[in-house]
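Below, each chain spelled out in residue letters.
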Amino acid sequence: AVGRAMSGGMEEEGDGAERLRQRKLEEALEAKSLRRIISAFLNYPEAAEEDVKRYERSFRKLPPAHKALLSHYPQKFRRLRQCISANSYFIFSMLQAFEPPIDLSQEIDICEHSDHENMQNGGLFSSERKICSNQTALNSGGLWSPTCVAASEDVDNAKCKAEEKSYNKELASRGHHDSTVTSPCGCSEFQEQRRESDGNSLAYSSRDVSSLITLSPPMGQMQVPHRDGEKKEAKSYQALCGWVSSSSCDWLDPSLQLHVPLVDVDKVRCIIRNIVRDWAAEKERDQCFKPILEELDALFRNRSRESPPSCLVPGAGLGRLALEISSLGFISQGNEFSYYMMICSSFILNHAQTADEWTIYPWIHSNCNSLSDGDQLRPVSIPDVHPASAGITEGFSMCGGDFVEVYSDPCQVGIWDSVVTCFFIDTAHNIVEYIEIISKILKEGGVWINLGPLLYHFADMCGEDEMSIELSLEDVKRVALHYGFIFEKEKTIETTYTTNPRAMMQNWYYAAFWTMRKKSAAANAESS
């Protein structure tokens, strides 16, 4: 008996050691993946400069007579470099404000000496990796949780491919994920450890959104870290063009950065275009957001400030739609999976001090279909509104993580008055599962408002282990009826997505727009 007890104790110790080793490996994989995403942002100016050099090489090959006809081109190249510098300044300011949830240097010691199969030949980013089944907070302030950054690489790649179909040559991405031990309602042990270890740094400014945002355990919430109005030191890493402070952002040390493929930098360019869609005074947003907001307003006409209705926005992107819904008087929560999106949205939502604070140049990365150089090089001011002054409703939050993993949790069942999906449902591996979860999390009588196409993001994934269920709109409706929805409104809306409104080529979607209501259990019983 003593021997059996000793044997059992040794097995428990072995299991504990294995769990610890696996957890360290998962955190190390997460660190490497996050470093790859950060490296993509940091590689933006170099990649953009290479494009300009390519333009210059082509120009130099022209015969003198042709060069004379294009004598303004050298000035255009100088102007392009100025635009790249402005975009880079915004990107580096954003990275300065970002607080990584983990030690980004840990991966070097752990993973480089690991024989884990996922670390071989870039397997970290393969779709076969299954390590990201849990969640962790995005940053020490609890700004986003839960997330699984490593798995987001696969989704971002799929979304780039989906957008490539409509852009032909330009890649685009809309996005999601992170790892650690999670509680039943999505609060991770890692998140709690970060709160404890960084608690002294979590002060808040009266100018920030934090006074209007709460942190409740069932949902990953947004809070706003206070920057105390500090000015960053001028001392910086040479590789970051003098903009990123070495004293406050040691994790940005170039020695910790990775060489990333150009497709990753294309995702950064896509983010810049998405910023225009969400946070500039452009008309494209009205095509999609306005019908949704008007429908919500009409459906909840008698909502009260004392007990506002709740609304979930999966695939929230850079957060503008969720913010607008909150400003209408809803307890709004955005859900997003892409770290590219989350890093950017947290910066705009949390750190913008005024409207039109930054200037970016979103259309400089393509010379095709431009009416004029002025259109291609035109500046765009962001954000068009100051988020902290937008009149948001208390309870506004952002939740980082995979929609299926986060909202299939039992604590989410029947808690939402409404769900709004905008250019989201085609991001699913299994759209039937999306619809099932939306039905489960809605209250009886709750409404689902959808707008978007069916450009399935994983349709071109060729791996044997990949799954992509690509239903027709007719089949989508039939599945929705099966899960207890009834149609109240349906129409088609013409819209673009991150398109330059002054370009000669415009990609239009004939997007499906509907309002469905979840039937009560009694009504379901009668119909069955």
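Residues numbered from 1 in each chain as written. Predicted model: local features only at pLDDT ≥ 70, side-chain atom pairs only at ≥ 80, totals over all residues. Heavy atoms only, no water.

*Asks:* In this structure, what is going on with the overall build of the protein? I would like to understand it.
*Replies:* Along its length, the protein carries 16 helices and nine strands. Residues classed as buried in the protein amount to 55% of the 528 residues present. In the form shown here, the protein has an accessible surface area of approximately 22,800 Å², with 50% of it arising from carbon and sulfur atoms. (Helix = DSSP H or I, 4+ residues; strand = E, 2+ residues; numbered from the N terminus. Buried < 20%, exposed > 50% of the residue type's maximum accessible area, 1.4 Å probe, protein only. Areas by Shrake-Rupley, 256 points an atom, 1.4 Å probe, with all protein chains shown as cover.)

*Asks:* What should I look at first to understand the sheet that holds strand S2 (residues 331–336) in this one?
*Replies:* Strand pairing in a sheet relies on backbone hydrogen bonds, with the paired strands running either antiparallel or parallel. In spatial order, the strands read S5-S2-S1-S6-S7-S9-S8; together these seven strands make up an open sheet with mixed pairing. Of all the strands in the sheet, just strand S5 (397–400) and strand S8 (485–495) have a single pairing partner and so form its edges. Each adjacent strand pair in this sheet contributes to an overall mean axis angle of 15°, direction not counted. Looking at chain direction, strand S1 (residues 310–314) and S2 are connected through five bridges and run parallel. By the bridge assignment, serine 310 is partnered in S2 with isoleucine 331. Against the sheet, helix H15 (residues 473–482) makes contact with strand S7 (442–452), S8 and strand S9 (509–518), and its axis sits at roughly 155° relative to S8, the strand it touches most. (Pairing = 2+ DSSP bridges. Axes fitted to C-alpha atoms, helices over the stretch in contact; angles between N-to-C directions. Contact = heavy atoms within 4.5 Å.)

*Asks:* Honestly, helix H9 (residues 284–299) in this entry has me stumped. Any pointers?
*Replies:* Think of an α-helix as turning once every 3.6 residues; residues three or four places apart then point the same way. With 16 residues, H9 extends 24 Å between its outermost C-alpha atoms, agreeing within 8% with the 22 Å of an ideal straight helix rising 1.5 Å per residue. Those residues of H9 that sit buried are Glu284, Arg285, Cys288, Phe289, Pro291, Ile292, Leu293, Glu295 and Leu296. (Expected span 1.5 Å × (residues − 1).)

*Asks:* What am I meant to see in the environment of arginine 285 here?
*Replies:* Looking at the element boundaries, arginine 285 is found in helix H9. For arginine 285 and threonine 495, which are 210 residues apart along the polypeptide, the C-alpha to C-alpha distance reads 9.0 Å. With near-sequence residues (within four places) excluded, arginine 285 lies in contact with Val276, Arg277, Asp278, Trp279, Ala280, Lys290, Arg320 and Asp384. Reaching out from arginine 285, the side chain makes a polar contact with the backbone oxygen of arginine 277 at a distance of 3.0 Å. Among the polar contacts made by the side chain of arginine 285, one reaches the main-chain carbonyl oxygen of alanine 280 at a distance of 2.8 Å. (Polar contact = N/O pair within 3.5 Å; in protein donor to acceptor, adjacent residues only side chain to side chain.)

*Asks:* Where do I start with helix H14 (residues 431–441) in this structure?
*Replies:* Looking at H14, one finds that the buried residues are Ile431, Tyr434, Ile435, Ile437, Ile438, Ser439 and Ile441. Where H14 begins, the capping side chain belongs to asparagine 430, and its oxygen is found 3.1 Å from the backbone nitrogen of valine 432.

*Asks:* Looking at this model, I keep getting lost on the packing of helix H4 (residues 73–97) against helix H11 (residues 339–351). Mind explaining?
*Replies:* Helix packing geometry: the angle between the two helix axes and the distance between the axes. Put simply, H4 and H11 touch, their axes get as near as 9 Å, and they point 80° apart. By the angle class used here, H4 and H11 are roughly perpendicular. Counted together, Phe90, Ser93, Met94, Leu95 and Ala97 of H4 and Ile343, Cys344, Phe347, Ile348 and His351 of H11 form the full contact between these two elements. Split into classes, the residues belonging to the contact of H4 with H11 amount to eight nonpolar, two polar and no charged. (Parallel < 35°, antiparallel > 145°, perpendicular 65-115°, else oblique. Nonpolar A, V, L, I, M, F, W, Y, C, P; charged D, E, K, R; others polar.)

*Asks:* Please clarify how the packing of helix H8 (residues 262–279) against H9 should be interpreted in this entry.
*Replies:* In the contact formed by H8 and H9, the axes pass within 8 Å of each other and the chain directions differ by 55°. Taken together, the axis directions place H8 and H9 in an arrangement best described as oblique. Here the hand of the crossing between H8 and H9 comes out right-handed. The segment H8 lies against H9, with Val276, Arg277, Asp278 and Trp279 engaging Glu284, Arg285, Cys288 and Phe289. Each residue belonging to the contact of H8 with H9 can be placed in one class, and the counts come to four nonpolar, no polar and four charged. (Left-handed = near helix turned anticlockwise from the far one by under 90°.)

*Asks:* Explain the pattern of salt bridges here, please?
*Replies:* Side-chain pairing between opposite charges can occur once the charged atoms of the two side chains come close. This model, assessed by the stated rule, comprises 25 salt bridges. One salt bridge in this structure joins arginine 81 and glutamate 56, with 2.8 Å as the shortest N-O distance. Residue arginine 81 is located in helix H4, and its partner glutamate 56 is located in helix H2 (residues 44–60); the two are separated by 25 residues in the primary sequence. Of the residues examined, arginine 81 reaches a relative accessible area of 25% and is grouped as partly exposed. (Salt bridge = Lys/Arg side-chain N within 4 Å of Asp/Glu carboxyl O.)

*Asks:* What exactly am I supposed to notice about the nonpolar core here?
*Replies:* One broad trend across soluble globular proteins is that nonpolar side chains are buried collectively. One finds Phe90 and Ile275 to be the most contacted residues of the largest nonpolar core, which totals 84 residues. Residue contributions to this core peak at ten residues, all from H4. Discounting residues that sit within four places of it in the chain, isoleucine 275 has contacts with Phe90, Ala280, Leu318, Cys344, Ile348, Ile360 and Ile382. Grouped together as the second largest cluster of nonpolar side chains are 28 residues, Cys399, Phe424, Ala428 and Phe485 included. (Core = buried A, V, L, I, M, F, W, Y, C linked by side-chain atoms within 4.5 Å.)

*Asks:* Quick question: what am I supposed to make of the packing of aromatic side chains here?
*Replies:* Geometrically, a pair of aromatic rings is defined through the distance of the ring centres and the angle of the planes. Under the counting rule described, the total for this entry stands at 18 aromatic pairs. Pairing phenylalanine 59 with phenylalanine 77 gives two aromatic rings, centres 6.1 Å apart and planes at 80°, and the pair type is edge-to-face. Of this pair, phenylalanine 59 sits in helix H2 while phenylalanine 77 sits in helix H4, and the two are 18 residues apart along the sequence. The pair formed by phenylalanine 59 and phenylalanine 77 is uniform in burial state, with each residue classed as buried. Among the aromatic residues, those joined into a cluster by ring pairs are Phe403, Tyr407, Phe424 and Tyr434. The aromatic ring of phenylalanine 59 is capped on one face by lysine 67, whose charged end is 6.0 Å from the ring centroid. Here the basic side chain of arginine 277 rests over the ring of phenylalanine 423, its NZ or CZ set 5.3 Å away from the ring centre. (Phe/Tyr/Trp six-rings, centres within 6.5 Å; stacked < 30°, edge-to-face > 60°. Lys NZ or Arg CZ within 6 Å of the ring centre and 35° of its normal.)

*Asks:* Looking at this structure, how should I read unusual backbone geometry?
*Replies:* Trans is the common state for peptide bonds, and a negative phi is the common state for residues other than glycine. With an omega dihedral of -15°, the bond running from isoleucine 382 to proline 383 counts as a cis peptide bond. Along the chain, proline 383 falls in the loop between strand S4 (380–382) and S5. Here aspartate 356, not a glycine, exhibits a phi torsion of approximately 55°, which is positive. Position of aspartate 356 among the secondary structure elements: in the loop between H11 and strand S3 (358–360). Since its relative accessible area comes to 45%, aspartate 356 is described here as partly exposed. Phi is positive for asparagine 369, which is not a glycine, with a value near 60°. Tracing the chain through its elements places asparagine 369 in the loop between S3 and helix H12 (373–376). On the accessibility criterion, asparagine 369 (32% relative accessible area) is partly exposed.

*Asks:* Before we go on, may I ask you to explain the confidence of the model for the protein in this structure?
*Replies:* Low-pLDDT stretches of the model should not have their predicted coordinates read in fine detail. With 68% of its residues at a pLDDT of 70 or more, the protein shows a mean pLDDT of 77. Contacts from residues 161–247, a stretch scored under 50 in pLDDT, to residues over four places away or in other chains number 274 contacts. (pLDDT = per-residue confidence, 0-100.)

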